[in-house]
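# Analysis of the macromolecular model
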Amino acid sequence: LIPMSEIASNADQLFPFPIFNSLRQKTPVRYDEARSCWDVFRYEDVHYILKNPKLFSSERGSGTLQGSILTMDPPRHTKMRNLVNKAFTPKAVKDLKNKIEEVTLYLLDQVNEKGTMDLVHNLAGPLPVIIIAELLGVPAKDRDLFKTYSDVLVAGAKDNSNEAFQRMAQKRKEGSEFIKEYFKKIILERKVNPEEDLISLLLAAKIDGEKLTEEEVLSFCVLLLVAGNETTTNLITNAVRYMTEDKNIQEQARTNLPLIPKLVEETLRFYPPIQAIGRVTKEQVKVGGKTIQKGEQVICWVASANRDEQKFAEPDRFTLERKLNPHLSFGFGIHFCLGAPLARLEAEVALVTLLSTFAKLEGVKGTELEAIPSPFVFGVKRLPLKFTRQ
Ligand code: HEM
(Lines give C-alpha, C1' and ligand atoms only; values in the text may rest on other atoms or scores of the structure.)
Protein backbone atom coordinates (compact mmCIF):
# COMPACT_ATOMS: atom_id res chain seq x y z
CA LEU A 1 0.00 0.00 0.00
CA ILE A 2 1.32 3.46 -0.89
CA PRO A 3 1.16 6.42 1.53
CA MET A 4 -1.78 8.86 1.31
CA SER A 5 -1.20 11.89 -0.89
CA GLU A 6 -2.12 14.20 2.01
CA ILE A 7 0.88 13.02 4.05
CA ALA A 8 3.76 13.10 1.58
CA SER A 9 6.43 15.50 2.86
CA ASN A 10 8.92 14.59 5.59
CA ALA A 11 7.54 17.36 7.81
CA ASP A 12 4.00 15.97 7.52
CA GLN A 13 5.17 12.41 8.11
CA LEU A 14 6.96 13.60 11.25
CA PHE A 15 3.79 15.28 12.50
CA PRO A 16 0.69 14.10 10.57
CA PHE A 17 -1.78 14.81 13.39
CA PRO A 18 -3.28 18.12 12.17
CA ILE A 19 -3.98 16.37 8.85
CA PHE A 20 -5.67 13.44 10.63
CA ASN A 21 -7.71 15.91 12.70
CA SER A 22 -8.91 17.66 9.60
CA LEU A 23 -9.70 14.42 7.71
CA ARG A 24 -11.57 13.08 10.75
CA GLN A 25 -13.78 16.19 10.79
CA LYS A 26 -14.36 16.42 7.04
CA THR A 27 -14.40 12.82 5.81
CA PRO A 28 -14.51 10.45 8.80
CA VAL A 29 -15.01 7.46 6.44
CA ARG A 30 -13.89 7.87 2.84
CA TYR A 31 -12.81 5.92 -0.24
CA ASP A 32 -9.39 6.88 -1.68
CA GLU A 33 -9.25 6.18 -5.44
CA ALA A 34 -5.47 6.56 -5.64
CA ARG A 35 -4.85 3.81 -3.07
CA SER A 36 -8.01 1.75 -3.80
CA CYS A 37 -8.97 1.51 -0.14
CA TRP A 38 -11.26 2.94 2.51
CA ASP A 39 -9.87 5.15 5.31
CA VAL A 40 -11.52 5.27 8.73
CA PHE A 41 -10.53 8.07 11.11
CA ARG A 42 -12.92 8.10 14.10
CA TYR A 43 -12.34 6.20 17.35
CA GLU A 44 -15.84 4.75 17.42
CA ASP A 45 -15.61 3.40 13.85
CA VAL A 46 -12.07 1.99 14.25
CA HIS A 47 -13.16 0.30 17.49
CA TYR A 48 -16.24 -1.17 15.77
CA ILE A 49 -14.13 -2.65 12.96
CA LEU A 50 -11.49 -4.21 15.23
CA LYS A 51 -14.25 -5.65 17.45
CA ASN A 52 -15.96 -7.42 14.54
CA PRO A 53 -13.72 -10.05 12.93
CA LYS A 54 -16.84 -11.70 11.46
CA LEU A 55 -17.35 -8.67 9.21
CA PHE A 56 -13.73 -7.54 8.83
CA SER A 57 -11.13 -10.18 7.97
CA SER A 58 -7.42 -10.17 8.80
CA GLU A 59 -6.57 -12.68 6.06
CA ARG A 60 -4.10 -11.35 3.53
CA GLY A 61 -2.79 -13.05 0.42
CA SER A 62 0.97 -12.90 0.47
CA GLY A 63 4.07 -11.62 2.22
CA THR A 64 6.31 -12.58 5.13
CA LEU A 65 3.36 -12.81 7.51
CA GLN A 66 1.25 -15.22 5.52
CA GLY A 67 0.23 -18.20 7.65
CA SER A 68 0.81 -16.34 10.94
CA ILE A 69 -1.87 -15.63 13.56
CA LEU A 70 -1.81 -11.94 12.60
CA THR A 71 -3.32 -12.78 9.20
CA MET A 72 -5.72 -15.51 10.39
CA ASP A 73 -9.45 -15.45 11.16
CA PRO A 74 -11.41 -17.59 13.64
CA PRO A 75 -11.84 -20.48 14.19
CA ARG A 76 -8.19 -21.18 13.31
CA HIS A 77 -6.99 -17.96 14.94
CA THR A 78 -8.70 -18.80 18.26
CA LYS A 79 -7.01 -22.17 18.49
CA MET A 80 -3.55 -20.95 17.51
CA ARG A 81 -3.74 -17.91 19.75
CA ASN A 82 -4.68 -20.11 22.74
CA LEU A 83 -1.66 -22.24 22.00
CA VAL A 84 0.84 -19.41 21.75
CA ASN A 85 -0.69 -17.73 24.84
CA LYS A 86 0.43 -20.82 26.74
CA ALA A 87 4.06 -20.19 25.88
CA PHE A 88 4.05 -16.39 25.86
CA THR A 89 2.88 -15.94 29.46
CA PRO A 90 3.11 -12.81 31.62
CA LYS A 91 5.50 -14.76 33.86
CA ALA A 92 7.83 -15.58 30.96
CA VAL A 93 7.91 -11.84 30.23
CA LYS A 94 8.39 -10.74 33.87
CA ASP A 95 11.33 -13.11 34.21
CA LEU A 96 13.09 -11.07 31.50
CA LYS A 97 13.18 -7.85 33.53
CA ASN A 98 16.72 -8.33 34.88
CA LYS A 99 17.98 -9.27 31.44
CA ILE A 100 16.40 -6.13 29.93
CA GLU A 101 18.08 -3.98 32.61
CA GLU A 102 21.42 -5.66 32.09
CA VAL A 103 21.31 -5.22 28.30
CA THR A 104 20.17 -1.57 28.58
CA LEU A 105 23.01 -0.74 30.98
CA TYR A 106 25.50 -2.51 28.74
CA LEU A 107 24.31 -0.58 25.65
CA LEU A 108 24.38 2.78 27.47
CA ASP A 109 27.85 2.02 28.81
CA GLN A 110 29.12 2.03 25.22
CA VAL A 111 28.14 5.71 24.78
CA ASN A 112 28.38 7.02 28.35
CA GLU A 113 31.76 8.74 27.89
CA LYS A 114 30.86 10.31 24.56
CA GLY A 115 28.10 12.70 25.55
CA THR A 116 26.22 11.99 22.30
CA MET A 117 24.46 9.03 20.72
CA ASP A 118 21.92 8.02 18.15
CA LEU A 119 19.17 6.57 20.31
CA VAL A 120 17.93 4.29 17.51
CA HIS A 121 21.32 2.80 16.70
CA ASN A 122 22.71 2.68 20.24
CA LEU A 123 19.72 1.55 22.31
CA ALA A 124 16.20 1.36 20.87
CA GLY A 125 17.24 -0.75 17.85
CA PRO A 126 19.41 -3.43 19.46
CA LEU A 127 17.48 -3.87 22.75
CA PRO A 128 14.32 -5.60 21.41
CA VAL A 129 16.34 -7.81 19.05
CA ILE A 130 18.64 -9.04 21.83
CA ILE A 131 15.67 -9.70 24.12
CA ILE A 132 13.62 -11.59 21.55
CA ALA A 133 16.69 -13.67 20.67
CA GLU A 134 17.02 -14.50 24.37
CA LEU A 135 13.33 -15.42 24.65
CA LEU A 136 13.38 -17.60 21.55
CA GLY A 137 16.59 -19.34 22.58
CA VAL A 138 18.91 -18.16 19.78
CA PRO A 139 22.43 -19.25 20.83
CA ALA A 140 24.62 -16.31 21.90
CA LYS A 141 27.17 -17.08 19.17
CA ASP A 142 24.53 -16.38 16.49
CA ARG A 143 23.28 -13.03 17.87
CA ASP A 144 25.04 -10.79 15.35
CA LEU A 145 23.93 -12.86 12.40
CA PHE A 146 20.43 -12.92 13.80
CA LYS A 147 20.37 -9.15 14.23
CA THR A 148 21.60 -8.51 10.70
CA TYR A 149 18.82 -10.59 9.19
CA SER A 150 16.04 -9.47 11.47
CA ASP A 151 16.98 -5.86 10.60
CA VAL A 152 16.58 -6.74 6.93
CA LEU A 153 13.10 -8.12 7.66
CA VAL A 154 11.85 -4.81 8.99
CA ALA A 155 14.04 -2.41 6.98
CA GLY A 156 11.93 0.28 5.34
CA ALA A 157 12.13 1.69 1.82
CA LYS A 158 14.78 4.38 1.27
CA ASP A 159 12.19 6.82 -0.04
CA ASN A 160 8.64 6.89 -1.37
CA SER A 161 9.48 5.82 -4.93
CA ASN A 162 8.17 2.62 -6.49
CA GLU A 163 11.70 1.35 -7.12
CA ALA A 164 12.64 1.84 -3.48
CA PHE A 165 9.56 -0.14 -2.38
CA GLN A 166 10.42 -2.94 -4.83
CA ARG A 167 14.05 -3.10 -3.67
CA MET A 168 12.83 -3.27 -0.09
CA ALA A 169 10.42 -6.11 -0.92
CA GLN A 170 13.22 -8.10 -2.61
CA LYS A 171 15.61 -7.64 0.34
CA ARG A 172 12.88 -8.68 2.76
CA LYS A 173 12.19 -11.82 0.76
CA GLU A 174 15.85 -12.84 0.86
CA GLY A 175 16.11 -12.02 4.56
CA SER A 176 13.00 -13.99 5.37
CA GLU A 177 14.27 -17.06 3.49
CA PHE A 178 17.56 -16.91 5.37
CA ILE A 179 15.96 -16.56 8.77
CA LYS A 180 13.46 -19.35 8.08
CA GLU A 181 16.29 -21.74 7.23
CA TYR A 182 18.05 -20.64 10.40
CA PHE A 183 14.97 -21.25 12.60
CA LYS A 184 14.29 -24.61 10.93
CA LYS A 185 17.66 -25.79 12.24
CA ILE A 186 16.95 -24.61 15.79
CA ILE A 187 13.45 -26.11 15.76
CA LEU A 188 14.83 -29.51 14.77
CA GLU A 189 17.47 -29.29 17.52
CA ARG A 190 14.90 -28.34 20.19
CA LYS A 191 12.61 -31.14 19.11
CA VAL A 192 15.29 -33.63 20.05
CA ASN A 193 16.73 -31.69 23.02
CA PRO A 194 14.15 -29.30 24.54
CA GLU A 195 15.46 -26.37 26.58
CA GLU A 196 13.85 -23.64 28.70
CA ASP A 197 13.09 -21.37 25.75
CA LEU A 198 10.01 -20.22 23.83
CA ILE A 199 10.69 -22.48 20.84
CA SER A 200 10.81 -25.57 23.08
CA LEU A 201 7.61 -24.44 24.86
CA LEU A 202 5.84 -23.87 21.56
CA LEU A 203 6.85 -27.32 20.32
CA ALA A 204 5.45 -28.90 23.49
CA ALA A 205 2.22 -26.85 23.93
CA LYS A 206 -1.02 -28.79 23.34
CA ILE A 207 -4.67 -27.81 22.92
CA ASP A 208 -7.27 -30.62 22.82
CA GLY A 209 -4.40 -33.03 22.35
CA GLU A 210 -3.19 -31.14 19.28
CA LYS A 211 0.24 -29.58 18.82
CA LEU A 212 1.60 -26.91 16.51
CA THR A 213 3.32 -28.25 13.41
CA GLU A 214 6.97 -27.34 12.78
CA GLU A 215 5.80 -25.05 9.98
CA GLU A 216 3.45 -23.23 12.41
CA VAL A 217 6.18 -22.80 15.03
CA LEU A 218 8.40 -21.42 12.29
CA SER A 219 5.94 -18.82 11.06
CA PHE A 220 5.28 -17.78 14.67
CA CYS A 221 9.02 -17.17 15.24
CA VAL A 222 9.17 -14.99 12.14
CA LEU A 223 6.05 -13.11 13.24
CA LEU A 224 7.65 -12.30 16.60
CA LEU A 225 10.61 -10.73 14.82
CA VAL A 226 8.56 -8.76 12.35
CA ALA A 227 5.81 -7.67 14.76
CA GLY A 228 7.96 -7.09 17.81
CA ASN A 229 11.24 -5.46 16.91
CA GLU A 230 10.67 -2.32 14.90
CA THR A 231 7.51 -1.53 16.87
CA THR A 232 9.31 -1.61 20.22
CA THR A 233 12.24 0.34 18.76
CA ASN A 234 9.78 3.03 17.71
CA LEU A 235 7.97 3.08 21.05
CA ILE A 236 11.22 3.78 22.90
CA THR A 237 12.39 6.28 20.26
CA ASN A 238 9.05 8.09 20.09
CA ALA A 239 8.97 8.46 23.89
CA VAL A 240 12.47 9.96 23.96
CA ARG A 241 11.69 12.13 20.92
CA TYR A 242 8.70 13.53 22.80
CA MET A 243 10.81 14.21 25.90
CA THR A 244 13.29 16.23 23.83
CA GLU A 245 10.36 18.28 22.49
CA ASP A 246 8.79 18.88 25.92
CA LYS A 247 11.34 19.57 28.68
CA ASN A 248 8.56 19.79 31.27
CA ILE A 249 7.46 16.22 30.72
CA GLN A 250 11.12 15.09 30.77
CA GLU A 251 11.58 16.78 34.18
CA GLN A 252 8.30 15.41 35.56
CA ALA A 253 9.31 11.89 34.56
CA ARG A 254 12.91 12.20 35.79
CA THR A 255 11.89 13.49 39.20
CA ASN A 256 9.08 10.95 39.57
CA LEU A 257 10.15 7.68 37.96
CA PRO A 258 6.97 5.80 39.01
CA LEU A 259 5.24 7.96 36.36
CA ILE A 260 7.12 6.15 33.57
CA PRO A 261 4.33 3.59 32.87
CA LYS A 262 2.02 6.58 32.27
CA LEU A 263 4.60 8.16 30.01
CA VAL A 264 4.75 4.92 28.01
CA GLU A 265 0.94 4.78 27.65
CA GLU A 266 0.71 8.44 26.65
CA THR A 267 3.49 7.94 24.07
CA LEU A 268 1.53 4.99 22.65
CA ARG A 269 -1.54 7.23 22.30
CA PHE A 270 0.25 10.37 21.12
CA TYR A 271 3.01 8.96 18.86
CA PRO A 272 1.78 5.40 18.07
CA PRO A 273 4.48 3.04 16.66
CA ILE A 274 1.80 1.49 14.39
CA GLN A 275 -0.40 4.23 13.01
CA ALA A 276 -2.79 2.11 10.94
CA ILE A 277 -4.29 -1.40 10.96
CA GLY A 278 -5.73 -3.03 7.82
CA ARG A 279 -8.79 -5.27 7.34
CA VAL A 280 -10.83 -6.62 4.40
CA THR A 281 -14.66 -6.60 4.43
CA LYS A 282 -16.24 -10.08 4.38
CA GLU A 283 -19.67 -8.82 3.32
CA GLN A 284 -21.37 -5.54 2.54
CA VAL A 285 -21.18 -3.39 5.68
CA LYS A 286 -21.99 0.08 6.94
CA VAL A 287 -19.31 2.12 8.71
CA GLY A 288 -20.04 5.62 9.98
CA GLY A 289 -23.06 5.83 7.67
CA LYS A 290 -21.15 4.78 4.52
CA THR A 291 -21.84 1.52 2.69
CA ILE A 292 -18.74 -0.56 1.89
CA GLN A 293 -18.97 -3.52 -0.50
CA LYS A 294 -17.62 -7.00 0.23
CA GLY A 295 -13.89 -7.57 -0.44
CA GLU A 296 -12.76 -3.96 0.08
CA GLN A 297 -9.61 -2.96 1.96
CA VAL A 298 -10.28 -0.85 5.03
CA ILE A 299 -7.51 1.09 6.79
CA CYS A 300 -8.18 1.92 10.45
CA TRP A 301 -6.20 5.04 11.38
CA VAL A 302 -5.21 4.39 14.98
CA ALA A 303 -3.13 7.61 15.02
CA SER A 304 -6.33 9.55 14.32
CA ALA A 305 -8.64 7.52 16.60
CA ASN A 306 -6.21 8.10 19.50
CA ARG A 307 -6.78 11.86 19.15
CA ASP A 308 -10.54 11.78 18.69
CA GLU A 309 -12.09 14.53 20.83
CA GLN A 310 -15.22 12.37 21.24
CA LYS A 311 -13.12 9.89 23.23
CA PHE A 312 -10.23 11.81 24.84
CA ALA A 313 -10.28 15.12 26.72
CA GLU A 314 -7.69 17.55 25.28
CA PRO A 315 -6.49 14.93 22.80
CA ASP A 316 -3.64 17.04 21.40
CA ARG A 317 -2.11 17.54 24.83
CA PHE A 318 0.54 15.08 26.09
CA THR A 319 -0.11 14.60 29.79
CA LEU A 320 0.86 12.15 32.53
CA GLU A 321 -2.41 12.80 34.33
CA ARG A 322 -4.88 10.69 32.31
CA LYS A 323 -6.76 8.29 34.56
CA LEU A 324 -7.96 6.17 31.63
CA ASN A 325 -6.06 5.88 28.40
CA PRO A 326 -7.95 3.48 26.11
CA HIS A 327 -5.71 4.11 23.06
CA LEU A 328 -5.87 1.58 20.23
CA SER A 329 -2.12 1.38 19.60
CA PHE A 330 -1.92 -2.34 20.42
CA GLY A 331 -5.11 -3.00 18.45
CA PHE A 332 -8.31 -4.26 20.05
CA GLY A 333 -10.21 -7.54 20.36
CA ILE A 334 -9.03 -10.96 19.26
CA HIS A 335 -5.80 -9.75 17.61
CA PHE A 336 -4.81 -7.49 20.51
CA CYS A 337 -1.01 -7.42 20.55
CA LEU A 338 0.39 -10.57 22.11
CA GLY A 339 3.65 -8.78 22.85
CA ALA A 340 2.14 -5.77 24.64
CA PRO A 341 3.42 -6.78 28.13
CA LEU A 342 6.92 -7.30 26.71
CA ALA A 343 6.91 -4.03 24.74
CA ARG A 344 5.70 -2.11 27.81
CA LEU A 345 8.33 -3.69 30.05
CA GLU A 346 11.17 -3.01 27.61
CA ALA A 347 10.10 0.60 27.17
CA GLU A 348 9.71 1.15 30.92
CA VAL A 349 13.10 -0.31 31.76
CA ALA A 350 14.83 1.55 28.91
CA LEU A 351 13.30 4.90 29.91
CA VAL A 352 13.90 4.53 33.65
CA THR A 353 17.52 3.59 32.97
CA LEU A 354 18.02 6.45 30.50
CA LEU A 355 16.52 9.06 32.82
CA SER A 356 18.42 7.87 35.84
CA THR A 357 21.75 7.62 33.99
CA PHE A 358 21.62 10.98 32.20
CA ALA A 359 20.77 14.36 33.73
CA LYS A 360 19.49 15.95 30.56
CA LEU A 361 18.51 14.57 27.15
CA GLU A 362 18.44 16.99 24.24
CA GLY A 363 18.02 16.78 20.51
CA VAL A 364 21.03 17.94 18.46
CA LYS A 365 20.50 21.42 17.01
CA GLY A 366 20.53 21.67 13.24
CA THR A 367 19.71 18.01 12.58
CA GLU A 368 16.28 17.62 11.02
CA LEU A 369 14.65 14.34 11.94
CA GLU A 370 13.85 11.96 9.10
CA ALA A 371 10.56 10.06 9.28
CA ILE A 372 10.41 6.36 8.40
CA PRO A 373 8.59 6.52 5.05
CA SER A 374 5.89 3.94 5.73
CA PRO A 375 2.10 4.27 5.76
CA PHE A 376 1.85 1.90 8.75
CA VAL A 377 4.86 2.66 10.92
CA PHE A 378 5.31 5.94 12.79
CA GLY A 379 8.87 6.66 13.80
CA VAL A 380 12.18 8.30 12.90
CA LYS A 381 15.22 6.74 11.25
CA ARG A 382 17.67 8.27 13.73
CA LEU A 383 17.39 10.27 16.93
CA PRO A 384 20.71 12.07 17.64
CA LEU A 385 20.93 13.05 21.31
CA LYS A 386 23.19 15.12 23.53
CA PHE A 387 23.29 14.28 27.22
CA THR A 388 25.05 15.07 30.45
CA ARG A 389 25.68 12.41 33.05
CA GLN A 390 23.95 12.44 36.45
C1 HEM B 1 -0.46 -7.80 17.07
C2 HEM B 1 1.22 -3.33 17.84
C3 HEM B 1 5.12 -5.13 20.08
C4 HEM B 1 3.73 -9.58 18.78
C5 HEM B 1 -0.35 -6.43 17.14
C6 HEM B 1 -1.37 -5.51 16.69
C7 HEM B 1 -0.88 -4.25 16.88
C8 HEM B 1 0.43 -4.38 17.48
C9 HEM B 1 -1.56 -2.94 16.53
C10 HEM B 1 -2.74 -5.86 16.11
C11 HEM B 1 -2.73 -5.96 14.61
C12 HEM B 1 -4.07 -6.28 14.03
O13 HEM B 1 -5.10 -6.22 14.72
O14 HEM B 1 -4.11 -6.58 12.82
C15 HEM B 1 2.40 -3.44 18.53
C16 HEM B 1 3.16 -2.31 19.07
C17 HEM B 1 4.25 -2.83 19.71
C18 HEM B 1 4.19 -4.27 19.56
C19 HEM B 1 2.75 -0.85 18.94
C20 HEM B 1 5.36 -2.13 20.43
C21 HEM B 1 5.22 -1.00 21.02
C22 HEM B 1 5.08 -6.50 19.95
C23 HEM B 1 6.05 -7.42 20.49
C24 HEM B 1 5.66 -8.67 20.09
C25 HEM B 1 4.44 -8.53 19.33
C26 HEM B 1 7.26 -7.04 21.34
C27 HEM B 1 6.30 -10.01 20.36
C28 HEM B 1 7.49 -10.22 20.75
C29 HEM B 1 2.49 -9.46 18.22
C30 HEM B 1 1.73 -10.61 17.71
C31 HEM B 1 0.53 -10.09 17.21
C32 HEM B 1 0.56 -8.65 17.42
C33 HEM B 1 2.18 -12.07 17.73
C34 HEM B 1 -0.59 -10.89 16.55
C35 HEM B 1 -1.66 -11.24 17.53
C36 HEM B 1 -2.85 -11.90 16.89
O37 HEM B 1 -3.04 -11.78 15.67
O38 HEM B 1 -3.61 -12.55 17.63
N39 HEM B 1 0.72 -5.71 17.64
N40 HEM B 1 3.07 -4.58 18.84
N41 HEM B 1 4.11 -7.20 19.27
N42 HEM B 1 1.75 -8.32 18.03
FE43 HEM B 1 2.36 -6.47 18.53
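Being a predicted model, the structure only gives us computed values, none of them experimental.

### Some words on the packing of aromatic side chains
- Inspection of the entire model under this criterion finds 19 aromatic pairs.
- Between Phe20 and Phe41 the ring centres are 6.4 Å apart and the planes differ by 45°, which places this aromatic pair in the tilted class. Of this pair, Phe20 sits in helix H2 (residues 17-26) while Phe41 sits in the loop between strand E2 (37-40) and helix H3 (43-51), placing them 21 residues apart in sequence.
- We classify Phe20 as buried; its relative accessible area is 0%.
- Both rings, one in Tyr182 and one in Phe183, keep their centres 6.0 Å apart while their planes meet at 65°; by these two values the pair is edge-to-face. Summarising the burial analysis for this pair, Tyr182 and Phe183 share the class buried.
- Taken together, the aromatic side chains of Phe15, Phe17, Phe20, Phe41, Tyr242, Phe270, Tyr271, Trp301, Phe318 and Phe378 make up a single cluster linked through ring pairs.

### Description of the packing of helix H12 (residues 214-245) against helix H16 (residues 340-357)
- With their axes 9 Å apart at the nearest point, H12 and H16 run at an angle of 40° to one another. For the crossing formed where H12 meets H16, the hand is right-handed. Within the contact between the two elements, H12 uses Thr232, Leu235, Ile236, Ala239, Val240 and Met243 and H16 uses Ala343, Glu346, Ala347, Ala350, Leu351, Leu354 and Leu355.
- Looking at side-chain class alone, the contact of H12 with H16 contains 11 nonpolar, one polar and one charged residues.

### Overview of the site of the ligand
- Around the ligand, the structure places 27 residues, and the nearest of them are His77, Arg81, Arg279, His335 and Cys337.
- One nitrogen or oxygen atom from the side chain of His77 is found 2.7 Å from an oxygen atom belonging to the ligand.
- At 2.6 Å from an oxygen atom of the ligand is found a side-chain nitrogen or oxygen belonging to His335.
- Those elements that place two or more of their residues in the shell around the ligand are helix H4 (76-87), H12, strand E7 (276-281) and H16.
- Among the residues making up the shell around the ligand, the classes are represented as 17 nonpolar, eight polar and two charged.

### Topic: the environment of Thr71
- Of note, Thr71 is situated in the loop between strand E3 (56-57) and H4.
- For the pair Thr71 and Ile179, spaced 108 residues apart in the sequence, the C-alpha separation amounts to 20 Å.
- Thr71 has contacts with Ser58, Glu59, Arg60, Leu65 and Gln66, leaving out every residue within four places of it along the chain.

### Observations concerning the environment of Val377
- Looking at where Val377 falls in the secondary structure, it is placed in the loop between strand E11 (358-363) and strand E12 (384-389).
- Spatially, the C-alpha atom of Val377 lies 17 Å from that of Phe336, the residues being 41 residues apart in sequence.
- In this view, Val377 contacts Glu230, Asn234, Pro273, Gln275 and Ile372; residues no more than four positions away in its chain are not counted.

### Overview of the nonpolar core
- Membership of the largest hydrophobic core comes to 100 residues, with the highest contact counts inside it found for Leu119, Leu136, Phe146, Phe183 and Leu354.
- Counting residues per element, this core draws most heavily on H12, at 14 residues.
- Aside from chain neighbours lying at most four places away, what touches Phe183 is Leu136, Val138, Phe146, Ile199, Leu218, Cys221, Val222 and Leu225.

### Focus: empty space enclosed by the protein
- Summed over all chains, the structure comprises two cavities of 30 Å³ or more.
- Of the voids in this model, the largest cavity is the one considered here, and its volume is about 170 Å³.
- Taken together, 19 residues form the lining of the largest cavity, with Ile7, Gln13, Gln275, Ser374 and Pro375 sitting closest to its centre.
- For the second largest cavity, the calculated volume is near 50 Å³.

### Some thoughts on the sheet that holds strand E1 (residues 29-32)
- Taken together, the five strands give an open sheet; going across it, the order is E1-E2-E10-E7-E3, and neighbouring strands pair in mixed fashion. Of all strands in the sheet, those with a lone pairing partner are E1 and E3, marking the two edges.
- Pairing geometry for E3 and E7, over two bridges, is antiparallel. Bridge pairing links Ser57 to Val280 in E7.
- Sheet strands touched by H3: E1, E2, E3, E7 and strand E10 (297-301). Its angle to E10, the strand with the most contacts, is close to 125°.

### Overview of the environment of Thr353
- Mapped onto the secondary structure, Thr353 falls in helix H16.
- Taking relative accessible area as the criterion, Thr353 reaches 9% and is therefore assigned buried.
- Residues Thr353 and Leu108, spaced 245 residues apart in sequence, show a C-alpha to C-alpha distance of 8.8 Å.
- What Thr353 contacts, discounting residues up to four positions off in sequence, is Thr104, Leu105 and Leu108.

### With respect to unusual backbone geometry
- Put simply, Pro74 and Pro75 share a cis peptide bond, and its omega is 5°.
- Counting through the fold element by element, Pro75 comes out in the loop between E3 and H4.
- Unusually for a residue other than glycine, Ser36 sits at a positive phi of about 50°.
- Tracing the chain through its elements places Ser36 in the loop between E1 and E2.
- We classify Ser36 as partly exposed; its relative accessible area is 44%.
- One non-glycine residue with positive phi stands out, namely Glu314, at about 40°.
- Here Glu314 lies in the loop between helix H15 (302-305) and H16.

### Comments concerning the side chain of Thr231
- Mapped onto the fold, Thr231 is located in helix H12.
- A polar contact is formed between the side chain of Thr231 and the backbone oxygen of Ala227, at a distance of 2.6 Å.
- The residues touching Thr231, leaving out its near neighbours within four places in the chain, are Pro273 and Ile274.

Cut-offs applied
- Residues numbered from 1 in each chain as written.
- Predicted model: local features only at pLDDT ≥ 70, side-chain atom pairs only at ≥ 80, totals over all residues.
- Heavy atoms only, no water.
- Phe/Tyr/Trp six-rings, centres within 6.5 Å; stacked < 30°, edge-to-face > 60°.
- Helix = DSSP H or I, 4+ residues; strand = E, 2+ residues; numbered from the N terminus.
- Buried < 20%, exposed > 50% of the residue type's maximum accessible area, 1.4 Å probe, protein only.
- Axes fitted to C-alpha atoms, helices over the stretch in contact; angles between N-to-C directions.
- Left-handed = near helix turned anticlockwise from the far one by under 90°.
- Contact = heavy atoms within 4.5 Å.
- Nonpolar A, V, L, I, M, F, W, Y, C, P; charged D, E, K, R; others polar.
- Near = heavy atom within 4 Å.
- Polar contact = N/O pair within 3.5 Å; in protein donor to acceptor, adjacent residues only side chain to side chain.
- Core = buried A, V, L, I, M, F, W, Y, C linked by side-chain atoms within 4.5 Å.
- 1 Å grid on protein atoms, 1.4 Å probe; cavity = no way out; pocket = protein on both sides within 12 Å on 5 of 7 lines; lining within 4 Å.
- Points joined across faces, edges and corners; volume = space filled by probe spheres on them.
- Pairing = 2+ DSSP bridges.

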